2 protein chains.
Amino acid sequence: MAPTQQSPLDLAEGDPFGPHNLPYGVFATADEPERRRLGVRLGDHVLDVGAAAEALGSPYATLLARPNLNPLLAAGRTAWHDVRRALTAWVTIPSHRSSIEPLLHPLGDVTLHLPYEVADYVDFYASEHHATNVGRIFRPDGDALTPNWKHLPIGYHGRSGTIVVSGTDVVRPSGQRKAPADPAPVFGPSVKLDIEAEVGFVVGKPSGLGTPVALSDFPEHVFGLSLLNDWSARDIQAWEYVPLGPFLGKSFATSVSAWVTPLEALEAARTDPPVRDFALLPYLDDSAEEDKGGYDIRITVAVNGHVIAEPPFATMYWTAAQQLAQMTVNGASLRTGDLYGSGTVSGPEVHQRGSLLELTWNGRDPLELPEGKRTFLEDGDVVTMTAWAPGPDGTRVGLGEVSGRIVSAA
Amino acid sequence: MAPTQQSPLDLAEGDPFGPHNLPYGVFATADEPERRRLGVRLGDHVLDVGAAAEALGSPYATLLARPNLNPLLAAGRTAWHDVRRALTAWVTIPSHRSSIEPLLHPLGDVTLHLPYEVADYVDFYASEHHATNVGRIFRPDGDALTPNWKHLPIGYHGRSGTIVVSGTDVVRPSGQRKAPADPAPVFGPSVKLDIEAEVGFVVGKPSGLGTPVALSDFPEHVFGLSLLNDWSARDIQAWEYVPLGPFLGKSFATSVSAWVTPLEALEAARTDPPVRDFALLPYLDDSAEEDKGGYDIRITVAVNGHVIAEPPFATMYWTAAQQLAQMTVNGASLRTGDLYGSGTVSGPEVHQRGSLLELTWNGRDPLELPEGKRTFLEDGDVVTMTAWAPGPDGTRVGLGEVSGRIVSAA
């Protein structure tokens, strides 16, 4: 007879949210919906870490009894490591079991909130396959990549005020669009509403104005990562983006997972980025072994539960460490809560493309879903991204899902 | 014999910072440098409005005894009006004089801070003269304006974490640049460091995600404005900005005045924007008289005390109300503390251009300053922008200056 699972602490072997993972989030319970608390995910439960710290007399109780992650983010790498070590002990050492068990809430019983206050949001454009596909679609007669593409990670600022937690509905945006043949722009709900499968990196420790952050200082400043869906209205974007870049085509919503996975949980997932085509300027040169900043993260994108793509993060040309160095090389400062997106993750294969723009080749090749053809998203569609990365000793580290449902235009 | 000025409340007639103006700022005194307080400027003094509200038993004491403007910004238009009416009474009614006088600090004795916490920062591109000049400089063989320019106010998000208060030194940024003839990009301090003379608008009342803000709701949401200098490294910008827009060429610093002038002080400065070349889509159509959202603001730009330009804000093609409608038409929400820049203000005349890029035609025509020729800024240069607008009864409403000194690259 199989053993009955007695406790949320007795996870199934190989659970991607086991004690080797421990991503952070913010939750509230039904009886105290206004009281936001810091938690870590363990299997299908969330541990109230502020209450646990207090129950166990932890020196981190002040840092953890907070309504969001920002104080922990600001505390820096040594604190991140020490807190993680303490949490691991709490959920694994048998003598703590009686203290910890009552502080575990089933995920189904809690509401998850945005885990941190977002400061600035930057989005990059770091997948060579994505950029090449986009270039071919929009500039079929020119070079697919712009001349700067392999010299620097291209990025731009997005709207941090419209970053929403997974599960938040996305209202279809309205705006101007104009096809090349149209005599004048028209206004209405976007007819090319798209996704972008990305990984978002969360800055913890700030940096000073005027002081660039070196490539090797990436783990001092970046706390962790999560899945990110940079919803995009392609028709609005196409008309507005010359010459100053994307604006309303992106600013209506960006969804992030409710769970931030600390980098420390992803050590086994570190990997070499693709071979560089030529030498980079010194501030971006990651040819030294210790500077190689790729992560092997396997993303799955589903629409209404039907898998449409499996973008491999390991194929990204530019790494998160290079993006951080780029973002600050001009002296721009970092703040706790800064978030930057990797850019759409697309691999070399058709089924590895991280946007409908690429998957359907701008609508030319519709996807066949059980409920019908899709070029871009329809009202009611639910997009869910999940992912995992190799963990220690053959385990998998699950990334929290990011999901959103399209609702009709206002 | 001329009367001796007995009190800071006895301002010279026509003082542009008289009781008809009352811009808000945040200051600290030398003996309590960590204690930030809300103030309004009166002549060359700042009134501690939190202390004044307490001394006079005002119902606004809670709103005003704060370290920044955000709570007042969030309170909405009725509160803005009522507080302003109270302040006006405090500084003009003789019976209040003995209470108010001790709470006035000479500007020379205080440190001014950023008056509000900036949420999102957006920069527009709304001067037809500026956009035309830039187009002619960078695309001499093409149309000066992109096809979308007269259909919508073009904008993009900037970095809110590097918005600094007037008086903050600006470190010359380093970055990649590549002239068209160069075989590869080079790295180093910017050699084309420029200014952009702008007016920045400060959002008070937030709006909900998914709900556009109509043109006519501009005064419900926007609290006031200030001068803004959007420092720009033209060489970094030129290499990086295709295809996703400006990033590091702008993100190293944006300076704003320490004083926010409430819109209510600028009623007499309201003016019609330029005649539209053709009908706009309804959400941008400001042909109704009550929707005309121009402001007659006369800006002066000086380098090291030498006036180099006088950009006229009244010539802007797109108004701040249209920019707000554009920014939210896709459902993007507003937060208290959102800031948006008008874009560089340039008039039709050469001496009305708001950037060195235009004034020197990208370095071709250096300016002659007493200390030598200038194409772009040199280390040690101090750029100061001042402005005034017509006030009631022939008065002038002064806008607080925005100033910054260039220091050499790190």
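Residues numbered from 1 in each chain as written. Chains lettered and ligands numbered in written order. Predicted model: local features only at pLDDT ≥ 70, side-chain atom pairs only at ≥ 80, totals over all residues. Heavy atoms only, no water.

For chain A, the name recorded in an unreviewed UniProt entry is fumarylacetoacetase, with Streptomyces albipurpureus as its organism. One UniProt comment on chain A, placed under Pathway (unreviewed entry), says "Amino-acid degradation; L-phenylalanine degradation; acetoacetate and fumarate from L-phenylalanine: step 6/6." (UniProt positions renumbered as here; feature names shortened; annotations may be inferred.)

Caption draft 1: Structural view of the overall build of chain A. Counting secondary structure elements, chain A contains ten helices and 26 strands. At 21 Å, chain A has a C-alpha radius of gyration in line with the 22 Å of a compact globule built from 410 residues. By its C-alpha atoms, chain A is 70 × 50 × 40 Å across when sized along the principal axes. Of the contacts formed within chain A by residues at least 6 apart in sequence, a portion of 73% connects residues at least 24 apart. Accessible surface, chain A as shown: approximately 15,000 Å² in total, 52% of it carbon and sulfur. A distance of 3 Å separates the average location of the 31 positive side-chain charges in chain A from that of its 50 negative side-chain charges. (Helix = DSSP H or I, 4+ residues; strand = E, 2+ residues; numbered from the N terminus. Rg over C-alpha atoms; globule rule 2.2 N^0.38 Å. Contact = heavy atoms within 4.5 Å. Areas by Shrake-Rupley, 256 points an atom, 1.4 Å probe, with all protein chains shown as cover. Lys, Arg positive; Asp, Glu negative; His and termini not counted. Charge placed at Lys NZ, Arg CZ, Asp CG, Glu CD.)

Caption draft 2: Looking closely at the interface of chain A and chain B. On the side of chain B, 54 residues touch chain A, which itself brings 54 residues to the contact. Taking both sides of the interface into account, the surface hidden between chain A and chain B amounts to around 5,100 Å²; carbon and sulfur atoms contribute 63%. Here chain A and chain B share two salt bridges between them. Across the contact surface, chain A and chain B share 24 residue pairs in polar contact (both at pLDDT 80 or more). Take the side of chain A that touches chain B: its biggest share by element is four residues, from strand β7 (residues 155-158) of chain A. Classifying every residue of the side of chain A that touches chain B gives 32 nonpolar, 17 polar and five charged. (Buried area = accessible area lost by both parts, 1.4 Å probe. Salt bridge = Lys/Arg side-chain N within 4 Å of Asp/Glu carboxyl O. Polar contact = N/O pair within 3.5 Å; in protein donor to acceptor, adjacent residues only side chain to side chain. Nonpolar A, V, L, I, M, F, W, Y, C, P; charged D, E, K, R; others polar.)

Caption draft 3: Broad picture of the pattern of salt bridges. Overall, the coordinates contain 49 salt bridges over all chains when judged by the stated rule. With a shortest N-O distance of 2.9 Å, R405(A) and D169(A) are connected by a salt bridge. With a gap of 236 residues between them, R405(A) in strand β26 (residues 396-407) and D169(A) in the loop between β8 (163-165) and β9 (170-171) connect regions that are remote in the sequence. For the salt bridge of D286(B) with R276(B), the shortest nitrogen-to-oxygen distance reads 2.8 Å. Here R276(B) lies in the loop between β18 (270-271) and β19 (294-295) and D286(B) lies in the loop between β18 and β19, a separation of ten residues in the sequence.

Caption draft 4: Expanded view of the relation of the copies chain A and chain B. At an RMSD of 0.0 Å, chain A and chain B line up after a rotation of 180° and a shift of 0.0 Å along the axis. Viewed as a symmetry operation, the transformation between the two copies matches a two-fold axis. Using C-alpha coordinates, one finds that chain A approaches the rotation axis most closely at G245(A), a distance of 2.1 Å. Both copies share a contact surface, since 100% of the interface residues of chain A are interface residues in chain B too. (Least-squares fit on C-alpha atoms with pLDDT ≥ 70 in both.)

Caption draft 5: Geometry of the packing of aromatic side chains. Evaluated as defined, the whole model comprises 20 aromatic pairs over all chains. With centroids separated by 5.9 Å and ring planes inclined at 85°, the aromatic side chains of F124(A) and F247(B) adopt a geometry described as edge-to-face. Linking F124(A) in strand β6 (residues 121-124) with F247(B) in the loop between α8 (234-240) and β16 (254-256), this pair reaches from one chain into another. Like F124(A), the residue F247(B) is buried in the burial classification. Grouped by ring-pair contacts, the aromatic residues F124(A), F201(A), F218(A), F313(A), Y340(A) and F247(B) constitute a single cluster. Taking the ring centre of Y317(A) as reference, the NZ or CZ of R276(A) above it sits at 5.1 Å. In this structure, R276(A) packs its charged tip against the face of W318(A), placed 5.9 Å from the ring centre. (Phe/Tyr/Trp six-rings, centres within 6.5 Å; stacked < 30°, edge-to-face > 60°. Buried < 20%, exposed > 50% of the residue type's maximum accessible area, 1.4 Å probe, protein only. Lys NZ or Arg CZ within 6 Å of the ring centre and 35° of its normal.)

Caption draft 6: Highlighting the sheet that holds strand β1 (residues 24-29) of chain B. Residue and element names in this part refer to chain B. The sheet built from five strands is open, its strands ordered β4-β3-β2-β1-β5 with antiparallel pairing. Each edge of the open sheet carries a strand with a single partner, namely β4 (104-106) and β5 (110-113). Along the sheet, successive strands turn relative to each other by an average axial angle of 45°, direction set aside. Contacts between helix α4 (residues 77-92) and the sheet are confined to β1, β2 (32-42) and β3 (45-48), with β1 contributing the most and set at about 55° to the helix. (Pairing = 2+ DSSP bridges. Axes fitted to C-alpha atoms, helices over the stretch in contact; angles between N-to-C directions.)

Caption draft 7: Here's a closer look at unusual backbone geometry. Here the bond from V242(A) into P243(A) is cis, since omega is 5°, no more than 30 degrees from zero. By the element assignment, P243(A) lies in the loop between α8 (234-240) and β16 (254-256). Its identity as a non-glycine residue notwithstanding, N304(B) has a phi of 50°, on the positive side. When you line up the elements, N304(B) lands in the loop between β20 (298-303) and β21 (306-309).

Caption draft 8: The arrangement of empty space enclosed by the protein in detail. By the definition in use, this model includes eight cavities of 30 Å³ or more. Taken as a whole, the largest cavity spans an internal volume of roughly 250 Å³. Lining the largest cavity are 21 residues, and of these L244(A), Y125(B), V134(B), R234(B) and Q237(B) lie nearest its centre. Looking at the lining of the largest cavity, the elements that each hand over two or more residues are β6 (121-124), α6 (128-138) and α8 of chain B. Of the voids in this model, the second largest cavity is the one considered here, and its volume is about 60 Å³. Along its surface, the second largest cavity is lined by 13 residues, and Y121(B), G158(B), R159(B), K250(B) and S251(B) are the ones closest to its centre. A total of three residues in the lining of the second largest cavity trace back to one element, the largest contributor, which is strand β7 (residues 155-158) of chain B. (1 Å grid on protein atoms, 1.4 Å probe; cavity = no way out; pocket = protein on both sides within 12 Å on 5 of 7 lines; lining within 4 Å. Points joined across faces, edges and corners; volume = space filled by probe spheres on them.)

Caption draft 9: Up close: the layout of surface pockets. Estimates place the volume of the largest pocket at around 840 Å³. Lining the largest pocket are 27 residues, with Y116(A), E117(A), V118(A), A119(A) and R335(B) positioned closest to its centre. Considering each element in turn, the lining of the largest pocket owes the most residues, three residues, to β8(A).

Caption draft 10: Layout of the UniProt feature "domain: Fumarylacetoacetase N-terminal" (unreviewed entry) in chain A. Mapped onto this structure's residue numbering, the UniProt feature "domain: Fumarylacetoacetase N-terminal" (unreviewed entry) falls at residues 20-115 of chain A. Split by type, residues 20-115 of chain A is 39% helix and 29% strand. Its first and last C-alpha atoms lie 20 Å apart.

Caption draft 11: Representation of helix α9 (residues 320-328) of chain A. Burial analysis of α9(A) places nine of its nine residues in the buried class, which makes it a mostly covered element. All of the buried residues in α9(A) are A320(A), A321(A), Q322(A), Q323(A), L324(A), A325(A), Q326(A), M327(A) and T328(A).

Caption draft 12: Just the nonpolar core, in detail. With 151 residues, the main nonpolar core has Y340(A) and Y340(B) as its most contacted residues. Once residues within four sequence positions are removed from consideration, Y340(B) is found in contact with V122(B), F124(B), V199(B), G200(B), F201(B), V203(B), F218(B), V222(B), A320(B), Q323(B), L324(B) and M327(B). (Core = buried A, V, L, I, M, F, W, Y, C linked by side-chain atoms within 4.5 Å.)

Caption draft 13: Structural context of the UniProt feature "domain: Fumarylacetoacetase-like C-terminal" (unreviewed entry) in chain A. Within this structure's numbering, the places UniProt gives as "domain: Fumarylacetoacetase-like C-terminal" (unreviewed entry) are residues 122-404 of chain A. Helix makes up 12% of residues 122-404 of chain A and strand makes up 30%, while its end C-alpha atoms are separated by 21 Å.

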